[in-house]
Amino acid sequence: GGGGGKAARQFYLLCLSHALSAWEDRMWQFAVPILMMHVFRDTLLPGALFGLVQYLGVVLLMPKAGRLIDRTYRLSLLFHTIMIENLCIFATCIALALMVSLTNSNADDDSGGGGGS
């Protein structure tokens, strides 16, 4: 019957979803410190603090997340978790874009737009 084709398609979509999610996660881990170095040229402290806060959050919140997973309907929890994650990524992208934009406009101002005669 046609059930095998549907299962194969669902498996393919699941694998594709996982691959895209993993790729996004690795790109995010790579890009944020690079952008921090672009914005804060004189120090690596903001990039290091970003990583520290991120991993401290994981360590401190993981027990609470485990308890939530144990007592919540997983499909609903997955949906809400993905929505929250995407909103956080969106907000961080906006903040990073603003920081890069402000850094570039300050660099343009400093490089001299008022050449004298």
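Look up: the structure comes first, before these words.
Quick summary incoming for the structure in this document.

Analysis parameters
Note on numbering: residues in each chain are counted from 1, in written sequence order. In keeping with the model being predicted, local features are shown solely for residues with a pLDDT of at least 70 and side-chain atom pairs are shown and tallied solely at 80 or more, while totals for entire chains, interfaces and linings include all residues. As a rule here, side-chain values come from all non-hydrogen atoms in the structure, and water together with hydrogens is ignored. Each helix corresponds to a stretch of at least 4 residues labelled H or I by DSSP, and each strand to a stretch of at least 2 residues labelled E; elements are numbered beginning at the N terminus. We compute the radius of gyration from the C-alpha atoms alone; for a globule the expected value is 2.2 Å times N to the 0.38, where N is the number of residues. Burial classes: relative accessible area under 20% of the type maximum marks a residue as buried, over 50% as exposed, and values in between as partly exposed (1.4 Å probe, protein chains only). The charge count treats Lys and Arg as positive and Asp and Glu as negative. His and the chain ends do not count. Lysine's charge is taken at NZ, arginine's at CZ, aspartate's at CG and glutamate's at CD. Every patch collects residues that have over 30% relative accessible area and no salt bridge, joining them within 9 Å if they carry like charges and within 5 Å if they are nonpolar side chains (Val, Leu, Ile, Met, Phe, Trp, Tyr). Each accessible area value is a Shrake-Rupley result obtained with a 1.4 Å probe; residue values ignore everything except the protein chains displayed when judging cover. One side-chain nitrogen of Lys or Arg within 4 Å of one carboxyl oxygen of Asp or Glu is enough to make a salt bridge. One fewer than the residue count of a helix, multiplied by 1.5 Å, yields its expected span. The bend at a residue is defined as the angle formed between two axes, one fitted to the seven residues ending at that residue and one fitted to the seven starting there. Any pair of residues with heavy atoms lying within 4.5 Å of one another is described as a contacting pair.

## Looking at the overall build of the chain
Here is step 1: A count of helical and extended segments in the chain gives three helices and zero strands.
Here is step 2: Scanning the chain from its N terminus toward the C terminus, one meets helices and strands in the order α-α-α.
Here is step 3: Against the 2.2 N^0.38 benchmark of 13 Å for 117 residues, the chain shows a C-alpha radius of gyration of 21 Å, more extended than a compact globule.
Here is step 4: C-alpha extents for the chain along the principal axes are approximately 80 × 40 × 20 Å.
Here is step 5: Looking at the chain residue by residue over its 117 residues, the buried ones come to 9%.
Here is step 6: Within the chain, the 8 negative side-chain charges are centred at a point lying 21 Å from the centre of the 8 positive side-chain charges.

## Details of a nonpolar patch on the surface
Here is step 1: On the surface, a cluster of nonpolar side chains totalling about 700 Å² of accessible area is made up of Leu45, Leu49, Leu52, Leu56, Val59, Leu60 and Leu61.
Here is step 2: Residue position: Leu49 is located in helix H2 (residues 45–71).
Here is step 3: On the accessibility criterion, Leu49 (41% relative accessible area) is partly exposed.

## What about helix H3 (residues 74–110)?
Here is step 1: The end-to-end C-alpha separation of H3 is 53 Å, in line with the 54 Å expected for 37 residues at 1.5 Å each.
Here is step 2: Every buried residue of H3 is accounted for by Leu77, Ile89, Leu96, Val100 and Thr103.

## Comments concerning H2
Here is step 1: Taking 1.5 Å as the rise per residue, H2 with 27 residues should run 39 Å; its terminal C-alpha atoms sit 39 Å apart, in good agreement.
Here is step 2: By the largest-angle criterion, Leu61 marks the main kink of H2, which is about 50°, and a proline, Pro63, follows within four residues.

## Describing the side chain of Thr103
Here is step 1: Inspection of the secondary structure puts Thr103 in helix H3.
Here is step 2: Filtering out sequence-adjacent residues up to four positions away, Thr103 remains in contact with His38, Val39 and Arg41.

## Overview of the pattern of salt bridges
Here is step 1: Enumeration according to the criterion identifies one salt bridge in this entry.
Here is step 2: Of the charged contacts in the structure, one is a salt bridge between Asp25 and Arg26, with a shortest N-O distance of 3.3 Å.
Here is step 3: Look at Arg26 and you get exposed, because its relative accessible area is 52%.

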